[in-house]
Amino acid sequence: MLFRSNLDAIETLFDDKDVKVSQSDDGRFQTRAAEMLGGPFGGLLIQPGVRAVIDKAARSNAGLTLQHLKAIVNNNRGEWPDTRYRRQPNPDAYEEETVNHLLLSGLFVPMLDVHCSSCRVESQASPRDLDTLITCEFCGEQFRLALSLSLSRTKSRWRYRLASHLSPEKVRALLPALATMSMFGQLPSTTEPPMAHAFGVSFKLPGSKQVEVDVVAYLGRPTWGVVLGEVKNNNRIDENDVRNLEELQRRLHEKSTRAVLVFATLKNEFSPAEVEVLRAHVERCVETTTAYGALVPRFPFVLTAKDLSLPWGHEDHPWRWEPAGQGHGVFGTAEESCKRNLGLASFLIARGPERRGLECTWADPITHAPAATQPAEHVEK
């Protein structure tokens, strides 16, 4: 079947003419930004230095010098460059290559500091405004660019700002969305890029309110399932976020479509309140089957800044999380994420007449949730 757009494909998964799918303005912006940055699965936004540069530029009215851009990348590069798979793992070469990649993308535009010789006001001029004579936007007098370059106290440095004066709010929402989508392009359990994907998808469900999902992707072989993601920069994931995704998951399950929920943050760890909400969701999870018929818990992916910031070759990258030989794909990786980020220690699959779901044991109290040190035991009863 051919679809006019990814949204048409996503709508078809619900197999219900009363379910309406659309994309928010922020979603359309994120789609375009992803194209500029190498595509939604390009991996550029998994690099913390890149995210730091874009975030800093969004909060700077005057723009950043080339030296400043490179310094931000270097100071926030974390585990990058990828020492295993990069031809040139030198940090200096990495920061220069990364900044050049960003400047090539078109996300940044150059501005030159100029100085009016009449009123002494400093301003910025874009390349298309530069001429031998420039009109001062403050006093209206013309001044010669050559003299301006000599008088400028900043020595007329070039600065780089985000195109179209993008707001900090838009940029903060963009960073975790692209980082999370890129992550799913790197998992070995997805042998090919997702068949359909979209940012900022709104679902109008019959008999229900409108639900917006930050990232949606349909993973092909061998998963054959939908990823529905709620992603945050520094905001908190709350009960409403979780319940909304659960409702979509339930409706897809009724149409025999697998759905994996994703909760991601660019914080270093989830807050105690978030841990409590996410643990409650885990305990409501039921089992599902993989494309190969294996019965598995329908655990969510829970990802923090570290998980979304590692080179593909790093020993702790999420693609390495699933135990060798398990063969559960994204479901096995999701289970490991619950152990690492929520403190899941063990679980039982309850199938009694009065209770259907999981009985979980957690490694520690809600107030603190380090990763479990031992693999979670899987016992059915």
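Structure first, text after, so check above.
All of these numbers come straight from a predicted model, not from anything done at the bench.

1. Section: the overall build of the chain
What the chain contains, in helices and strands, is ten helices and 17 strands. Buried positions account for 51% of the 381 residues belonging to the chain. For the chain, contacts bridging at least 24 residues in sequence account for 67% of all contacts bridging at least 6. When the accessible surface of the chain is totalled, it reaches about 18100 Å², and 48% of it is carbon and sulfur.

2. Things to note about the side chain of Asn233
Along the chain, the position of Asn233 falls in the loop between β10 (225-232) and α8 (239-254). With a relative accessible area of 15%, Asn233 lands in the buried category. Reaching out from Asn233, the side chain makes a polar contact with the side chain of Asn234 at a distance of 3.2 Å. Excluding residues within four positions of it along the chain, Asn233 makes contact with Arg172, Leu175, Pro176, Thr265, Leu266 and Lys267.

3. Considerations on the nonpolar core
Ranked by size, the top nonpolar core spans 96 residues in total, and within it Ile54, Phe108, Leu162, Phe203, Leu228, Leu248 and Phe301 carry the most contacts. When sequence neighbours within four positions are dropped, the list of residues in contact with Ile54 reads Leu37, Leu45, Leu102, Leu107, Leu162, Val171 and Leu175. Counting residues in hydrophobic clusters, the runner-up holds eight residues, among them Leu112, Cys116, Ile134 and Phe143.

4. Quick word on the sheet that holds β10
The sheet built from six strands is open, its strands ordered β1-β8-β9-β10-β11-β14 with mixed pairing. Taken across any chain shown, the strands that pair with only one partner, and hence form the sheet edges, are β1 (20-23) and β14 (301-303). When the angles between neighbouring strand axes are averaged without regard to direction, this sheet yields 35 degrees. Contacting β1, β8 (196-204) and β9 (210-219), helix α2 (residues 25-36) runs over the sheet at an angle of about 175 degrees to β8. Seen against the sheet, α8 touches β8, β9, β10 and β11 (258-265) and runs at an angle of roughly 165 degrees to β11.

5. With respect to the packing of helix α3 (residues 48-58) against helix α7 (residues 168-184)
Two elements in contact, α3 and α7, have axes whose closest approach is 9 Å; the angle formed by their N-to-C orientations is 165 degrees. Taken together, the axes of α3 and α7 are roughly antiparallel relative to one another. As α3 runs across α7, the sense of the crossing is right-handed. When α3 is examined against α7, the residues Arg51, Ile54, Asp55 and Ala58 are found in contact with a partner set consisting of Pro168, Val171, Arg172, Leu175 and Ala179. Class assignment for the residues of the contact of α3 with α7 results in six nonpolar, no polar and three charged.

6. Some thoughts on the pattern of salt bridges
Evaluated as defined, the whole model comprises 22 salt bridges. The salt bridge involving Glu35 is made with Arg32; its shortest N-O contact spans 3.2 Å. Of the two residues, Glu35 and Arg32 are both situated in helix α2; the distance of three residues between them amounts to about one turn of the helix. Its salt-bridge partner being Arg320, residue Glu315 comes within 3.8 Å of it at the nearest N-O pair.

7. Quick notes on the pairing of strand β3 (residues 108-115)
Within β3, six of the eight residues are buried, which leaves the element mostly enclosed by the surrounding structure. In the sheet, β3 pairs with strand β7 (residues 158-162) via five bridges, with the strands oriented antiparallel. When the bridges of β7 are listed, Phe108 appears paired with Leu162. The turn linking β3 back onto strand β4 (residues 122-125) is made up of six residues, and Arg120 within it adopts a positive phi angle of 65 degrees.

Thresholds applied
Residues numbered from 1 in each chain as written. Predicted model: local features only at pLDDT ≥ 70, side-chain atom pairs only at ≥ 80, totals over all residues. Heavy atoms only, no water. Helix = DSSP H or I, 4+ residues; strand = E, 2+ residues; numbered from the N terminus. Buried < 20%, exposed > 50% of the residue type's maximum accessible area, 1.4 Å probe, protein only. Contact = heavy atoms within 4.5 Å. Areas by Shrake-Rupley, 256 points an atom, 1.4 Å probe, with all protein chains shown as cover. Polar contact = N/O pair within 3.5 Å; in protein donor to acceptor, adjacent residues only side chain to side chain. Core = buried A, V, L, I, M, F, W, Y, C linked by side-chain atoms within 4.5 Å. Pairing = 2+ DSSP bridges. Axes fitted to C-alpha atoms, helices over the stretch in contact; angles between N-to-C directions. Parallel < 35°, antiparallel > 145°, perpendicular 65-115°, else oblique. Left-handed = near helix turned anticlockwise from the far one by under 90°. Nonpolar A, V, L, I, M, F, W, Y, C, P; charged D, E, K, R; others polar. Salt bridge = Lys/Arg side-chain N within 4 Å of Asp/Glu carboxyl O.

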